[in-house]
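# Observations on chain architecture
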Amino acid sequence: ADPAAVAAAPAAAPAAIAEGTPEDCDAYAKSLCEMAGDQTGTCTSLKSTLKLLSPRACKAGLTDVEYSRGRITESNKSCSELMTRLCKELGEETETCKMVRTKTPEFGAERCTKMLGDFDTVLGQLKQMEQGNKPLAPEALAAITKPGAGEFGPADAKVTIVEFSDFQCPYCVRAAEATKQLKAKYGEKIRLIFRQYPLDFHKEAHLAAQASLEALAQGKFWEMHDKLFENQKALGRTDLETYAKDIGLDMAKFKAALDAGTHKATVDADIKLGQTVGVQGTPTMMLNGTKVADPSNADAMGQQIEAALAAK
């Protein structure tokens, strides 16, 4: 062939890239986030970046998505190492290990690397958590189920759930909704006990707890319980009196109880009781003496209840 003619010939056109669709971008993001973890910063960044790409670019990415997934796997090695080391120390069958395997993929490589650098501290905290996951001794279980708190269900129910909660705690609202669902579903098959655990930095929580106990004294604990959680951003003294009036309490008795701090010692006793059984924050729930992993998840708790009801 004539070299001059070859040099003058036009270069071959690159292979055409197929047109894409917005659905290709969704599929690309889903595939990568499945590998990175839906709640990780990596996934969030990926989704933000893909919004800038054309559907054609997403289509091209999908044709070689395994390469991208492989790079994510490489970057997540620190999380895999963290899970492996923690579960080896904690025990593969422990509830804390199960939690580690569920939550760690959501952290992202940077956070996992940082935790590996502080491994002994992280492990110590998790060991303390695992200690708290062990079933309570009979005497401790008897202490948290003794009469005197807000209750629902028969004393001889096969399943007893004890909740330590704070009326000003935003996470406790979700737990309250979960217990409402459980009450509706299981009725008299379960016993629910509400223990007071107002946190120091929730300045209105202690008085709200006292208000709920005065409602208990007047036979309307759950009505006040629901009012307080529905209005937890308004728990001042005037607000509490409004809720007491709304549910039909004897207002003279209610005001006198709050003025005198009639129920303050009971609230403080519940806090001390919670500390003795390993409560470290709110909400904390224990089902037949065993700590519930996610007090806001009614479905998961329902599975535990079903298992307990079916046990001999």
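Since we're looking at a predicted model, the values are computed, not measured.

## Comments concerning the pairing of strand S3 (residues 190–196)
- Of all seven residues that make up S3, seven are buried, and the element is covered over most of its length.
- Because side chains alternate across S3, one face comprises the buried residues Ile190, Leu192, Phe194 and Gln196, and the other comprises Arg191, Ile193 and Arg195, equally buried.
- When strand S1 (residues 150–152) meets S3, the two strands line up antiparallel, connected through three bridges. Within the sheet, the bridge partner assigned to Phe152 lies in S3 and is Leu192.
- Two strands pair when backbone bridges link them, and strand S2 (residues 159–165) and S3 are joined in this way by seven bridges, in the parallel orientation. Note that in S3 the partner of Phe164 across the bridge is Arg195.

## A short note on the packing of aromatic side chains
- Under the criterion given, the structure shown has six aromatic pairs.
- Ring centres 5.0 Å apart and planes at 50° place the aromatic pair Phe167 and Phe229 in the tilted group. One end of the pair, Phe167, is in the loop between S2 and helix H11 (170–186); the other, Phe229, is in helix H13 (residues 221–230), and 62 residues separate them in sequence.
- Judged by its relative accessible area of 1%, Phe167 is buried.
- Linked through ring pairs, Phe167, Phe194, Phe221, Trp222 and Phe229 together constitute an aromatic cluster.
- Over the ring of Phe107 we find Arg111; its NZ or CZ atom is 3.9 Å from the centre of that ring.

About the thresholds
- Residues numbered from 1 in each chain as written.
- Predicted model: local features only at pLDDT ≥ 70, side-chain atom pairs only at ≥ 80, totals over all residues.
- Heavy atoms only, no water.
- Buried < 20%, exposed > 50% of the residue type's maximum accessible area, 1.4 Å probe, protein only.
- Helix = DSSP H or I, 4+ residues; strand = E, 2+ residues; numbered from the N terminus.
- Pairing = 2+ DSSP bridges.
- Phe/Tyr/Trp six-rings, centres within 6.5 Å; stacked < 30°, edge-to-face > 60°.
- Lys NZ or Arg CZ within 6 Å of the ring centre and 35° of its normal.

Worth remembering: the numbers are spatial, not functional.
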